[in-house]
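Listed below are the residues making up each chain.
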Amino acid sequence: MRLVLLCVTTAVVALVTQVAVPTGTVLAPPAGGDPWALPVLVVRGVGRVVMFAAAAVVLTWRARTVAPEEAVWRYFSRAAWVATTAAAGAGIADCLSLTGSSSATGAGGLILGLGVLSACPLIYQGLVRWNRHGTLLSEPGDWLNGVGATFTLTAIGNLLLPVLGSPIAQWPMWQEQLWLLRTSAEIVLLGSAATVLNLGGLVRDARAWALVLSFSLVVVIDLAGVHDPVAAAGNGPLSEVGWTVTITTLAVAAVVHAAPPLSRPATTAAPTTGSFVVLLASIAVLAAAGTIGADLPGDAVRAGVVAGVLGGLSVSVRGVQLIRLLADLVTTRREALTDDLTGLANRRALDRTLDEHLRTGRPVSLMLIDLDGFKEVNDRFGHAVGDELLRRAGALLQRVSPPQAVSARLGGDEFAIVLPGSSTEEALALFAVLADATQAPVLIDGRRLLARASVGIATAAGETPEQLLRHADAAMYRAKTAGGAGVAVHDEDAALADEQRARLVEELKVLLHSPDAVDDLDAGAIAVHYQPQLGVGGAVAGAEALVRWQHPRLGLLTPDRFLDLVEEYALMPDLTAQVLREAAGQAAQWHRRGHRLRMSVNLSASCLSHPDLLPLVDGVLAQSGLDSRDLVLEVTETSLMADPQESIARLHDLAGRGIDISIDDYGSGYSSLAYLHDLPASELKLDRSLTRQVTTNPRTADIVAGTVALAHRLGLRVIAEGVEDTTMLHALHALGCDETQGYLHARPMTAEGFDDWLATAGGSTTRSTGTAPVAVPRSTAGL
């Protein structure tokens, strides 16, 4: 208390003498010979140093002996020691100036200004830590906000001083910038103190109010000196009043017992908002400099731009820090191990549990459970009912599981049960209990719902959690595709098949240039083979393009190995586009060599309904130069029935371009010609299920004969596929079929092989111009 009393006493003396006899008056030339001038400066300087030193000692004592808030007072004490050093230096400079040293003239005010500027960041660091034990008002890294705000205010001052006509604008650039930086830093301190008062829960703390008032006094005195160069230089009657009061207030506050601060919830809103405001202000300053810069002195504009850029960079760096803080917060939340909805363990907890048990080397069984029909529950009754069903399902799992088991919700309607030290048989026994428990419906909001589930079981020892989850997931998928409400156990052979299937899918995506394809896979290439179609006289009338996959590991794959995957993963339009382009280009080459062959290409249901089909066909015809009359697009009855109205309209668009439409695989299902009067078809293709029986089943022969007769009445060409021997060929000719296709004539071949076949067989085409067609010998060797 004695030091505080000494500080207050010397402060009062300093204030009275400063106001009565300003430093500028003592140092003025007329007073240079005054014998009392030097003693006045010495006494004033010593008193000022004593005052600041006493305050620094009190603040240092507060930081070391009284908790909490020791960090706050430690920074305040450092600021007081800086002020003490600056006061000593300023007093020495003033005395030297009075004795006639030209190098010391005006140095006292400069030293005090530098001292104030150095003390401001230290006080700011103390302010942002005030009440951090109760409120996360700011992070220590928030000093960047203060730096950015100081530079931004300095930039604004550079533009305002010339406009206000302040004599400070005529000072040397370094002196003007020092004044602007010091004043800006003081304004930032005032704003920070007010922020602490509000957000730090210090509205009942008299110390905080005293600081706000003292900083207000500092700012008012500085701004009042804008038009007074003597006051602005620190030699006016009130120049030292503000900081004398502020340092004294800090010393008194160090020993005053104030009301406890209010505790506030942790938040990053204040520093985030501050960064945003300062950044906007920096941008506004730069925009103003560009707008009105022509009317201001060039040095002022340049200094304003530099300060504005520095302010923007400071808060931008702070913004990066805040983003990192948010990322840490996200990571922390991700570390949470409980599912919010059900109270079960979440996916992260499941992974940790699996990892812990698998490390022991003991067997672990994992049951992966997926609710059947959950999407329909959400869609029909709303998410509130769906959430309640999930909660009931989670409670059921906990109720039926053994004590050592860990139940988890992985997300959505997917759950899991970890059974440490259990076998597959024990997991199957638990499934039986679970299945029995889900027989009774669940009553939710008056609705009776069934919580049936598909379950996959995998048991492992020494595997990784990822492998075990993948095995259980594959087993669960098999249970669901089998009809649901069942169980499947992981099987190595089935798992290998699933992995092979998954790898084929990824390779297909690469092959067909899917956007989500993996770039570094070697997927091989699409190959198109061709099988000839022969007329009754043995002349080659056309060829069907048949897709193959030249796989780098598995060799040449036929369509039955991959077309279902192509369709399932919506890759059929891309595959059809490749086949169509290659087939049309090949047909055009044959035409130029004198072989006028029709080229038949298959269209799936997904291609027939695809909006890009017509532009694709038009582009292919234009690029290849193939006549549209030489292109046949084959569609099945099944693809037509998917959307009859849309399909028929699309086929009419194709036929309108002169393209032949073929009804493929007729006879493979419940076939009917009743709808053909609506279709622009020109060809009917009999499925091999009919053609293979024409020589052994009289009823089938009658069906084929009737079909051919009706097709001819409708103007359709009839092609029989799957012809494998001469007996079948003669029977089909006798029944009226126009053309045949099958292994009897040739197997599907590459384009080069087709060329060789034509040359070796000596065949011609029924659609070529020139001489009459020559019959192609029919082979029975099973080519």
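Residues numbered from 1 in each chain as written. Predicted model: local features only at pLDDT ≥ 70, side-chain atom pairs only at ≥ 80, totals over all residues. Heavy atoms only, no water.

**Points about the overall build of the protein**
Put simply, the rule reads: Only DSSP runs of H or I covering at least 4 residues are called helices, and only runs of E covering at least 2 are called strands; the numbering of each starts at the N terminus. Note on contacts: a residue pair qualifies if any of its non-hydrogen atoms lie within 4.5 Å across the two residues.
Regarding its fold elements, the protein presents 28 helices and 16 strands. The long-range share in the protein, meaning contacts at least 24 apart out of those at least 6 apart in sequence, stands at 70%.

**Focus on the packing of aromatic side chains**
Rules: The rule is short: rings of Phe, Tyr and Trp, with Trp giving its six-membered ring, pair when the centres are within 6.5 Å, and they are stacked under 30 degrees, edge-to-face over 60, tilted in between. Type-normalised accessible area, obtained with a 1.4 Å probe on protein chains alone, sets the label of each residue: buried when under 20%, exposed when over 50%, and partly exposed for intermediate values. Only when the NZ atom of a Lys or the CZ atom of an Arg is both within 6 Å of the ring centre and within 35 degrees of the ring normal do we say a charge sits over the ring.
Summed over the entire model, instances satisfying the criterion amount to five aromatic pairs. Pairing Trp549 with Phe562 gives two aromatic rings, centres 5.6 Å apart and planes at 80 degrees, and the pair type is edge-to-face. Residue Trp549 is found in strand β9 (residues 540-551), and its partner Phe562 is found in the loop between β10 (555-557) and α19 (563-568); the two are separated by 13 residues along the sequence. Accessibility classification places Trp549 together with Phe562 in one group, the buried group. Ring geometry for Phe754 versus Trp757: centroids 5.7 Å apart, planes at 50 degrees, classification tilted. With Phe754 and Trp757 both in helix α28 (residues 751-761), this residue pair falls three residues apart, about one helical turn. Each member of the pair, Phe754 together with Trp757, is buried. Through pairs of rings, three or more aromatic residues link up here, namely Tyr530, Trp590, Phe754 and Trp757. Sitting over the face of the ring of Tyr75, Arg78 holds its NZ or CZ atom 5.1 Å from the ring centroid. If you follow Arg747 out to its NZ or CZ, it ends over the ring of Tyr743, 4.0 Å from the centre.

**Here we look at helix α16 (residues 424-437)**
Put simply, the rule reads: Take the residue count of a helix, subtract one, and multiply by 1.5 Å to get its expected span. What the arc describes is the spread of directions from the helix axis to the C-beta atoms.
With 14 residues, α16 ought to run about 20 Å at 1.5 Å a step, and its terminal C-alpha atoms sit 20 Å apart, in line with that. Within α16, burial applies to Ala427, Leu430, Phe431 and Leu434. For α16, the buried positions fall inside an angular range of 105 degrees around the axis, keeping them on one side. Facing away from the buried surface of α16 by more than 90 degrees, the exposed residues are Glu425 and Asp436. Buried residues belonging to α16 abut β1 (364-371), α15 (383-400), β3 (414-420), β6 (453-460) and β7 (487-489).

**Focus on the nonpolar core**
Here is the rule we go by: Grouping buried Ala, Val, Leu, Ile, Met, Phe, Trp, Tyr and Cys residues that are joined through side-chain atoms within 4.5 Å yields what is termed a nonpolar core.
Counting residues in hydrophobic clusters, the biggest one holds 79 residues, and the most contacted among them are Tyr530, Leu575, Val601, Val617, Leu631, Leu633 and Leu654. For this core, the leading source of residues is helix α20 (residues 572-592), giving nine residues. Those residues in contact with Val617, other than ones at most four positions away along the chain, are Leu580, Leu631, Leu633, Leu654 and Ile659. Listed in part, the 45 residues of the second largest apolar core include Ala56, Trp73, Phe76 and Leu202.

**Some remarks on the environment of Val536**
For Val536, the location among the structural elements is in the loop between β8 (525-535) and β9. Each C-alpha atom of the pair Val536 and Thr740 lies 7.8 Å from the other, and the pair is 204 residues apart in sequence. Apart from residues lying up to four places away in sequence, Val536 is in contact with His733, Cys737 and Asp738.

**Brief notes about the environment of Ala543**
Inspection of the secondary structure puts Ala543 in strand β9. Overall, Ala543 belongs to the buried group, its relative accessible area being 0%. Residues Ala543 and Phe754, 211 residues apart in the sequence, show an inter-C-alpha distance of 9.5 Å. The residues touching Ala543, leaving out its near neighbours within four places in the chain, are Tyr530, Gln531, Pro532, Gln533, Trp590, Arg598, Met599, Ser600 and Phe754.

**Description of the pairing of strand β11 (residues 598-602)**
Rule in force here: We call two strands paired when DSSP finds no fewer than two bridges between them.
By the criterion of burial, β11 is predominantly enclosed, with four of the five residues buried. Note: β11 against strand β12 (residues 631-636), four bridges, orientation parallel. In the sheet register, Asn602 faces β12, and the bridge partner there is Glu634.

**Overview of the side chain of Ser662**
Rule in force here: What qualifies as a polar contact is a pair of N or O atoms within 3.5 Å, subject to a donor-acceptor requirement within protein and to the restriction that residues adjacent in sequence count only when both atoms come from side chains.
When you line up the elements, Ser662 lands in strand β13 (residues 660-666). Polar contacts involving the side chain of Ser662 include one to the side chain of Glu683, which spans 2.8 Å. Aside from chain neighbours lying at most four places away, what touches Ser662 is Val632, Leu633, Glu634, Val635, Glu683 and Lys685.

**What to know about the packing of helix α22 (residues 613-624) against helix α24 (residues 644-655)**
Here is the rule we go by: Note on method: axes are straight lines fitted to C-alpha atoms, helices fitted across the in-contact stretch only, with angles between N-to-C directions ranging 0 to 180 degrees. Should an angle fall under 35 degrees it is called roughly parallel, over 145 degrees roughly antiparallel, and 65 to 115 degrees roughly perpendicular, with every other angle called oblique. Left-handed is the label given to a crossing in which the near helix is rotated counterclockwise from the far helix by less than a right angle, and right-handed is the label when the rotation is clockwise.
Running from N to C, α22 and α24 point in directions that differ by 20 degrees, and their axes come no closer than 11 Å. The orientation of α22 relative to α24 falls into the category roughly parallel. By crossing handedness, the relation of α22 to α24 is classed as right-handed. Between α22 and α24, the residues in contact are Leu613, Leu614 and Val617 and Arg650, Asp653 and Leu654, respectively.

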